[in-house]
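Listed here are the chains, written in short residue letters.
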Amino acid sequence: MTEPLVVLKDVNKHFGDLHVLRDINLSIGKGEVVVVIGPSGSGKSTLCRTINRLETIESGSITIDGQALPEEGKELAQLRADVGMVFQSFNLFSHKSILDNVTLGPIKARRTPKAEAEKRAMELLERVGVAHQAQKLPAQLSGGQQQRVAIARSLAMDPKVMLFDEPTSALDPEMINEVLDVMVALAKDGMTMVVVTHEMGFARKAANRVVFMADGAIVEEQEPEAFFTAPKSDRAKDFLGKILTH
Amino acid sequence: MGDILSKYDVLGAFGMTVYLAFFSAIGSLLLGTVVGIMRLSPVRVLRLLGTGYVNIFRNTPLTLLVVLSVLGLTYILGLNLDPSSITGNASRWAIVMLSIYHASFVCEALRSGVNTIPAGQAEAARAIGLTFGQSMREVLLPQAFRGAIAPLGSTLIALIKNTTVAAVVGVAEAANLMAVIIENETGGLVVFLVFAIGFVILTLPLGLAFTSLSRRLAVKR
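What you are looking at is a predicted structure, and each value in this text was computed from that prediction instead of being measured.

A. Spotlight on the sheet that holds strand β10 (residues 217–222) of chain A. All names here are of chain A. Strands sit in the order β6-β7-β8-β3-β9-β10 across an open sheet of six strands; the sheet is mixed. The sheet is open, and its two edges are formed by β6 (83–86) and β10, each paired on a single side. For this sheet the average axis-to-axis angle between neighbouring strands, irrespective of direction, equals 20 degrees. Pairing geometry for β6 and strand β7 (residues 161–165), over four bridges, is parallel. Bridge assignment links V83 to a residue of β7, and that residue is V161. Across the sheet, helix α5 (residues 143–155) is in contact with β6 and β7; its angle to β6 comes to roughly 170 degrees.

B. Layout of the confidence of the model for chain B. All names here are of chain B. When the pLDDT values of chain B are averaged, the result is 91; 99% of them are 70 or greater. Between the elements of chain B, mean pLDDT differs from a low of 78, seen in helix α1 (residues 2–7), to a high of 96, seen in helix α3 (residues 44–58). For this predicted complex, the interface confidence score (ipTM) comes to 0.89, while the overall pTM stands at 0.82.

C. Inspection of the pattern of salt bridges at higher detail. All names here are of chain A. For the coordinates displayed, the defined rule picks out 27 salt bridges over all chains. R209 is paired through a salt bridge with E32; the nearest N and O atoms lie 2.9 Å apart. Highlighted residues: R209 in strand β9 (residues 209–214) and E32 in the loop between β2 (18–29) and β3 (33–37), separated in sequence by 177 residues. Since its relative accessible area comes to 13%, R209 is described here as buried. On the basis of relative accessible area, E32 is assigned to the buried category, the value being 9%. Linking E71 and R53 is a salt bridge whose minimum nitrogen-to-oxygen distance equals 3.6 Å. Residue E71 is found in the loop between β5 (67–68) and α2 (73–81), and its partner R53 is found in the loop between α1 (44–50) and β4 (59–64); the two are separated by 18 residues along the sequence. Under the relative-accessibility criterion, R53 is labelled buried at 14%.

D. Looking closely at the packing of α3 of chain B against helix α5 (residues 86–115) of chain B. All names here are of chain B. Viewed as axis vectors pointing N to C, α3 and α5 meet at an angle of 125 degrees, and their least axial separation amounts to 8 Å. On the basis of the axis angle, α3 is oblique to α5. The crossing of α3 and α5 is left-handed. Mapping the contact onto sequence places Y53, V54, F57 and R58 in α3 and I100, Y101, A103, S104, F105, C107 and E108 in α5. Its residues assigned to classes, the contact of α3 with α5 shows eight nonpolar, one polar and two charged.

Definitions and limits used
- Residues numbered from 1 in each chain as written.
- Chains lettered and ligands numbered in written order.
- Predicted model: local features only at pLDDT ≥ 70, side-chain atom pairs only at ≥ 80, totals over all residues.
- Heavy atoms only, no water.
- Pairing = 2+ DSSP bridges.
- Helix = DSSP H or I, 4+ residues; strand = E, 2+ residues; numbered from the N terminus.
- Axes fitted to C-alpha atoms, helices over the stretch in contact; angles between N-to-C directions.
- Contact = heavy atoms within 4.5 Å.
- pLDDT = per-residue confidence, 0-100.
- Salt bridge = Lys/Arg side-chain N within 4 Å of Asp/Glu carboxyl O.
- Buried < 20%, exposed > 50% of the residue type's maximum accessible area, 1.4 Å probe, protein only.
- Parallel < 35°, antiparallel > 145°, perpendicular 65-115°, else oblique.
- Left-handed = near helix turned anticlockwise from the far one by under 90°.
- Nonpolar A, V, L, I, M, F, W, Y, C, P; charged D, E, K, R; others polar.

Structure below.
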């Protein structure tokens, strides 16, 4: 593994009585693509959201590029600017045009001049294939297009690492591939990625490592091929048995 | 009716009503936005202060506040907003109190507007590195105002009608003049109708305008 970029150490969290994260230890190297899979309620989304502190943790530590996650305020905002996040429900700013969605972060959080931010935004929109929709509002685009814009919005901040929280789960089947294609291309370009997904095809094609979670704990970590052909734990065998039979 | 209109400055009185309403509307919108941001902020003390503000001023009779401003604040504490004129001081205090009172309603209208925004919008704003202030200004408030246009319109209409309370401290607005005319002239019902129609002319178009605005500016999701 290359030098670690994101390190989670003994991370614990409860939602009320539910122990959603149990002693999570995970280290993600620069340029590595880690796919997190597991049954629903296993804590994989929560894990993903703790990395940019959209969810707080109760004990343990998380560092990004050697720097511990700040508590609140300006430092936290700065750190989040370096961590891209793509949500299940896209969460594009519904009152702003596609172009303004992509330029908002660079202009406000990075103080990039507007003209420069727009030029870069158009390049990114070109790259994800929605440049011709730049002046429209999010609601006028299809789900797949919205999600690609959301990826462009994250990329505009030149993040060190990108988090994907079930990016294709809210999409119609015919739109899933257009989003996965963009993600595979990103992975090939060397972006560090943490991807929570049910897309086993993506895991096989683009992941360096698969992390399998159940009941809030990491049960198994393996290379994708090894994981899908010969899972070690019974939980993983059971899970794969249920999803791969179709 | 003709000589009532020629003898008394009915238009001038409604002018005072509009003057009170205009500045109170601006004052309450600004103050209400600040209190609304306090109630939504991540800082507990600010949230408590905001909640306290709303509960105190929303539940205090406006008449009480206006009387307090002149009898209490001006005559006892000496806080005179216009030493050159008694009515000037009264109308300025009326604007202050109308602003303070209606700010609590503006705050709640905005908060209901914020509640129309899916939680993901705030998360996305934070995730791209915006600070609390930036995500408020750029993402949450613009959408909250659009979602709150209808209740804000109701608040503005209530405010226009509530300016009549300023009559109790002698501000020469419409309700004050109406009382004077009814005192001096016969035909109280006609006088009443004139003033009632005056208020309808002020408020009805506003209500229609706000309804159509809220439809046109609604955020498409």
